[in-house]
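Here is how the chains run, residue by residue.
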Amino acid sequence: MEDWRHGGFGLYLHWPFCQSKCPYCDFNSHVSAEIDQDQWRRAYLTEIDRLGGETGGRILQSVFFGGGTPSLMAPELVSAIMDRIRATWPMVNDAEVTLEANPSSIEAGRFAAFRQAGVTRISMGMQAMNDADLRRLGRLHTADEARRAFETARRIFDRVSFDLIYARQDQSLTDWRAELTEALALTVDHLSLYQLTIESGTAFADRLARGGLRGLPGEDLSVELYEATQELCDRAGMPAYEVSNHARPGAGSRHNMIYWRGGDYAGIGPGAHGRLTLGGTRWATEAPRSPGLWLAQVGAEGQGELPRSALSPLDHAEEYLLMSLRLSEGTDLGRLSRLYGERLALDRLAPLVELGLLHEPGTQLVTTERGRLVLNALLAEIAAALL
Amino acid sequence: MTQLDLIRNFSIVAHIDHGKSTLADRLIQMTGTVAERDMKAQILDSMDIERERGITIKANTVRIEYPAKDGKTYILNLIDTPGHVDFAYEVSRSMKAVEGSLLVVDASQGVEAQTLANVYQALDAGHEIVPVLNKIDLPAAEPERIKQQIEDVIGLDASEAIAISAKSGLGIPDVLEAIVTRLPAPKGDRDAPLKAMLVDSWYDAYLGVVVMLRVIDGVVKKGDRIRMMATNAVYGIDKLAVLKPQMVDIPELGPGEIGIFTASIKQVRDTRVGDTVTHERKGCDTPLPGFKPAQPVVFCGLFPVDAADFEPLRDAIEKLSLNDASFSTEMETSAALGFGFRCGFLGLLHLEVIRDRLEREYDLDLITTAPSVVFKLYMKDGEVRDLHNPADMPDLTYVDHIEEPRIKATIMVPDEYLGDILKLCQDRRGIQMDLSYAGSRAMVVYDLPLAEVVFDFYDRLKSVTKGYASFDYTISEYREDHLVKMSILVNDEPVDALAMMVHRDRAEARGRSMVEKLKELIPRHMFKIPIQAAIGGRVIARETLSAMRKDVTAKCYGGDATRKKKLLEKQKAGKKKMRQFGKVEIPQEAFISALKMDG
Ligand SMILES: Nc1nc2c(ncn2[C@@H]2O[C@H](COP(=O)(O)OP(=O)(O)O)[C@@H](O)[C@H]2O)c(=O)[nH]1
Ligand SMILES: C[S@@+](CC[C@H](N)C(=O)[O-])C[C@H]1O[C@@H](n2cnc3c(N)ncnc32)[C@H](O)[C@@H]1O
Ligand code: SF4
Ligand SMILES: [Mg+2]
């Protein structure tokens, strides 16, 4: 069996536009006054046809409309894309079709149409539950508006998730516990809780470099915040299934699981990445980041990719390790060993087990909660020991 | 061959940056020795390092033809000498080959420590000295005051000092004329047996070993068979030339002349600076009084960062020692750093220069261990041992007492900083020997342990005096003191490369600052790490590096896999630059910085 089948097959589609740019965000998102949705439709459909040609016959398990703010897409556009996808790949019965939405009233008005188009799941960028913090995060919506948008989504979709950013400026442990408790009360079955990361090239990074953006938590507080998050979510029956993702058992995002379990995914749209196993080789695909360039390239060449690169067995093994170790289920050591092409010297992990960072390896390699908190450093150690 | 009375041999002595190289450039330029299009700044400093750092490391000569006002054309041989104390031996050997010196003093700065050290060497060599006041173009120049200072501090008659600007060329003709009229012509007997002084030698990639010599008596010709009197080795001269400064072949060299020869000599080590060169047959009877060979005084270990670079390092060191007989090397094995070399140097600058050259010219990444001096161990059984490496320190029960080298340091400093200097010297176990004033500048002489100076004395001196102090030293003697070996333990493992000899009274302070510094330099690990300084089994300072608690990327989806893999690659590359001590990884920069620590 080809390795990707353990993870499954999905399609990611990137919509690169937002109403305004949030100061912490380093996603490939842009603000643009005029967007010719027709032209975008043609380009997306061209790409679906092309990738369908390469992966024809595969069964598609999920589609993810990511951004940017895909809830700004015209419902007709989403509908046209979904029609073409269904015509291209056979889909599993309960296929997951997620769309990222911003919680303002404009978007909420479209939810029904999105459902009509085939969207089954909404992932909503709530970010914070109070207006002061939403303003500091540069968000256009209020907490109330967000709650209403969420209620609308809940009525229309069975599966609704939302995102919060924590470890914000001046956020105390008590503040966060209260806010998270409130959020957990709203939760349907899924929640993404990200600690604020200052990404280079963002307005926040700039502010920080110039001595602004005071009151961010230090290491000790951010550890406490993380630990409190695990505790409250566990208690609410929403344990972490990944570093920052929580769900009721079985309600994890199937699409994201494809990434973390090392499945294949086609990437469509500006800056989209993909992983495709074709003819025994695993390819990394990538598209030009600039929306204009991508659009023009698809128009001119009938394809929107940069040159592909083939992953070596070592690349592939490393990638599988670093993605899967984020999961509570951990890394399948049998798969890792097959990808790497050699037996793994598991005894070399003993010091890390002894330090309480890894569980004793069985068929799966799993980090402890402490290990998960230092996953980047831990990964380097594991990769050095095994690969 | 040139008539004796038409030859003048001279050197230029100056404190660093007072304009020696610039003056040499002007002399070369104004006499048309080098075509204008070939002229470059600091023409005599040929090594990259010399040009970059603005220091002269190797002595260099140039032969200048100068038509003087008296209508005759003179041959002027300039030997450009290094100014730095580390290379004092280069200076002394070159001084013996010439009859006079230009003493260059920056008219805005005045006499500095190296001015003194170098001028005393010139006086020792019996030189006639012409004082030259440079940089009179600067608004801050005070030629009259500096003249007075030269008289007061050095005791030279400065009434006829020549005021110049080497930069603009002002006064250069006067300098040329003074060389001819005020410096003595060499003496010598053309008909006597050949007697020539081996002034310097170096390795040239094309020519092999090149020997510079100054003829005292007799004549040497191309094809002659010559004998080196100290080694008794005999060679045939393949090439005879003068330096202008590029080599120009010449059929013969007579008394008073300076030139170079090659003779299929394999290594610079086969030539002894100060040796007497004569003819194989009908040679002279008595050699010239020799020089004492330069002794390395500072030692350190050089290790390749990447163990695979050991062989390239060995090759590079061999090549460098071809050209620099003053640096000694021997293989060393360190538990921490693997295979490398223990190397001896003339001083800290010499050490830095060699390390720089190894890294740059041979593209090697090196770890340098703490510089240390040579201690003398008086063992209880009466044996006396040289200790070059603190790691080799035997068990104290076998040692009766330890002696360390002391220096006589001369420091010149504006009096406002005197207090800081006295404190610094006192802190470094110095004993004040003299304190005098020349105007607003103080001159202090201290007896100091060399070990305290090799550490970071220059840096401290510079920082406490904002760069206004100057410093020079000579090695004086070995003396007993209460010295101990201090070990550094990281996560309870001794790191041999960080072991050092220290005075017992200073051990706590040194140990404390070392462990504090290491705490900053060693990256946090996933466990906590004790860092300790110890004498024998007794811990004298300790710090604990806390465990890393959080290092995880919050978001990682399909598009981030590539980015995360790059991070992993970076971590892997970083790990290669780490040294493993038990479970702890210490980056190479940590060693370098820890060893550069301030007292
Ligand atoms: N203003 C001025 N600067 C000079 C003069 N002579 C040399 N310098 C500068 O002083 C610095 C040191 O000169 P250099 O010849 O390298 O000094 P050395 O260390 O004695 O060889 C250089 O930046 C020169 O350009 C001069 O006559 N006037
Ligand atoms: C593609 S983005 C958001 C989609 C949507 N445009 C929105 O803002 O609601 C996915 C999520 O990543 C999180 N995120 C973005 N930048 C972040 C940062 N610098 N630190 C932490 N989380 C971040 C936010 O929670 C965001 O909802
Ligand atoms: S956080 Fe969401 S809305 Fe804000 S700029 Fe990024 S993608 Fe756009
Ligand atoms: Mg110079």
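Reading guide: rules and limits
Residues numbered from 1 in each chain as written. Chains lettered and ligands numbered in written order. Predicted model: local features only at pLDDT ≥ 70, side-chain atom pairs only at ≥ 80, totals over all residues. Helix = DSSP H or I, 4+ residues; strand = E, 2+ residues; numbered from the N terminus. Buried ≥ 20, exposed ≤ 12 C-beta atoms within 10 Å, placed from the backbone. Contact = placed C-beta atoms within 7 Å. Near = placed C-beta within 6 Å. Nonpolar A, V, L, I, M, F, W, Y, C, P; charged D, E, K, R; others polar. Axes fitted to C-alpha atoms, helices over the stretch in contact; angles between N-to-C directions. Parallel < 35°, antiparallel > 145°, perpendicular 65-115°, else oblique. Arc of directions from axis to C-beta. Pairing = 2+ DSSP bridges. Left-handed = near helix turned anticlockwise from the far one by under 90°.

1. A look at the overall build of chain A
Assigned secondary structure in chain A consists of 16 helices and 14 strands. Across the 387 residues that make up chain A, the buried fraction comes to 46%. If you take every contact in chain A between residues at least 6 apart in sequence, the share linking residues at least 24 apart comes to 71%.

2. Describing the site of ligand 2
Residues and elements named next belong to chain A. Taken together, the neighbourhood of ligand 2 is formed by 19 residues, with Y24, G125, D163, Y194 and T197 sitting nearest. Contributions of two or more residues to the shell around ligand 2 are made by strand 2 (60-67), strand 4 (121-127) and strand 5 (159-166). Broken down by class, the residue content of the shell around ligand 2 amounts to eight nonpolar, seven polar and four charged.

3. Quick look at the packing of helix 12 (residues 313-324) of chain A against helix 12 (residues 561-576) of chain B
At a minimum axis distance of 10 Å, the contact between helix 12 of chain A and helix 12 of chain B shows a crossing angle of 105°. The angle between the axes of helix 12 of chain A and helix 12 of chain B places the two elements in the roughly perpendicular class. For the pair helix 12 of chain A and helix 12 of chain B, the contacting residues are D315, E318, E319, L322 and M323 of chain A in the first and A561, K564, K565 and L568 of chain B in the second.

4. Brief notes about helix 11 (residues 291-301) of chain A
All names here are of chain A. Among all positions of helix 11, only P291, W294, L295 and V298 are buried. Angular distribution of buried residues about the axis of helix 11 spans 95°; they occupy a single face of the element. Exposed side of helix 11, more than 90 degrees from the buried face: G292, A300 and E301 are the residues found there. The inward-facing, buried residues of helix 11 contact helix 1 (37-55). Positive phi appears at G302, one or two residues downstream of helix 11, with a value of about 75°.

5. Some points on the environment of D200 of chain B
You can see D200 of chain B is positioned in strand 7 (residues 195-204). Residues D200 of chain B and R93 of chain B, 107 residues apart in the sequence, show an inter-C-alpha distance of 8.0 Å.

6. Quick notes on the sheet that holds strand 15 (residues 258-262) of chain B
Residue and element names in this part refer to chain B. Strand order in the open sheet formed by eight strands is 11-10-16-7-8-15-12-13, with antiparallel pairing between adjacent strands. What marks the edges here is a single partner per strand, and that holds for strand 11 (234-236) and strand 13 (247-249). Taking the axes of each pair of neighbouring strands and ignoring which way they run, one obtains an average angle of 40° across the sheet. Note that strand 7 and strand 8 (residues 208-217) share nine bridges and pair antiparallel. Each bridged residue has a counterpart across the sheet, and for M197 the counterpart in strand 8 is R214.

7. A short note on the site of ligand 1
Residues and elements named next belong to chain B. Taken together, the neighbourhood of ligand 1 is formed by 16 residues, with G19, K20, S21, T22 and K167 sitting nearest. Ranked by residues supplied to the shell around ligand 1, first place goes to helix 1 (residues 20-30) with three residues. Partitioning the shell around ligand 1 into residue classes produces four nonpolar, seven polar and five charged.

8. Regarding helix 1 of chain B
If you check which residues of helix 1 of chain B are buried, you get K20, S21, L23, A24, D25, R26 and L27 of chain B. Just downstream of helix 1 of chain B, G32 of chain B is the residue with a positive phi angle, here 65°.

9. Side note on the interface of chain A and chain B
In this assembly, 37 residues from chain A lie in contact with 24 residues from chain B. Only strand 6 (190-195), helix 9 (219-235), helix 10 (254-260), strand 9 (264-268), helix 12, helix 15 (369-373) and helix 16 (375-386) of chain A provide two or more residues apiece to the side of chain A that touches chain B. Per-element tally for the side of chain A that touches chain B: the top contributor is helix 16 of chain A, with eight residues. Of the residues belonging to the side of chain A that touches chain B, the class tally is 22 nonpolar, eight polar and seven charged.

10. Section: the pairing of strand 3 (residues 73-80) of chain B
All names here are of chain B. For strand 3, a buried count of six out of eight residues is recorded, marking the element as mostly surrounded by other parts of the structure. Here strand 1 (residues 7-14) runs beside strand 3; their pairing, made up of six bridges, is parallel. Looking at strand 3, one finds that S11 is bridged to I79. Examined bridge by bridge, strand 2 (residues 60-67) and strand 3 share eight bridges and lie antiparallel to one another. The residue of strand 3 that forms the bridge with R63 is N77. The loop that links strand 2 with its antiparallel partner strand 3 comprises five residues; one of these, G71, has a positive phi angle of about 90°.

11. As for the pairing of strand 34 (residues 584-587) of chain B
What you see with strand 34 of chain B is a clean split: V584 and I586 of chain B sit on the buried side and E585 and P587 of chain B on the side with no burial. Between strand 33 (residues 578-581) of chain B and the antiparallel strand that follows it, strand 34 of chain B, lie two residues; G582 of chain B among them carries a positive phi value of about 60°.

12. What about the environment of I7 of chain B?
Residues and elements named next belong to chain B. By the element assignment, I7 lies in strand 1. Distance in space between the C-alpha atoms of I7 and E65 is 9.5 Å, their sequence separation being 58 residues. With sequence-adjacent residues up to four places away left out, I7 is seen in contact with T2, I75, A185, P186, G256 and E257.

13. Thoughts on the packing of helix 1 of chain A against helix 11 of chain A
All names here are of chain A. Running from amino to carboxyl end, helix 1 crosses helix 11 at an angle of 60°, the nearest separation of the two axes being 10 Å. Judged by the angle between their axes, helix 1 and helix 11 are oblique. Viewed along their axes, helix 1 and helix 11 form a crossing whose handedness is left-handed. Taken together, the residues of helix 11 that come into contact with helix 1 (itself represented by Q39, A43, T46 and E47) are L295, V298 and G299. Looking at the contact of helix 1 with helix 11, its residues break down into three nonpolar, three polar and one charged.

14. So, the sheet that holds strand 2 of chain B
Residue and element names in this part refer to chain B. The sheet built from six strands is open, its strands ordered 2-3-1-4-5-6 with mixed pairing. Sheet topology places strand 2 and strand 6 (162-163) at the edges, where each strand pairs with a single neighbour. With five bridges joining them, strand 1 and strand 4 (residues 100-106) adopt parallel strand pairing. Paired with V13 across the bridge in strand 4 is L103. Helix-sheet contacts for helix 5 (residues 143-154) involve strand 4, strand 5 (128-134) and strand 6, and the interaxial angle to strand 5 is about 150°.

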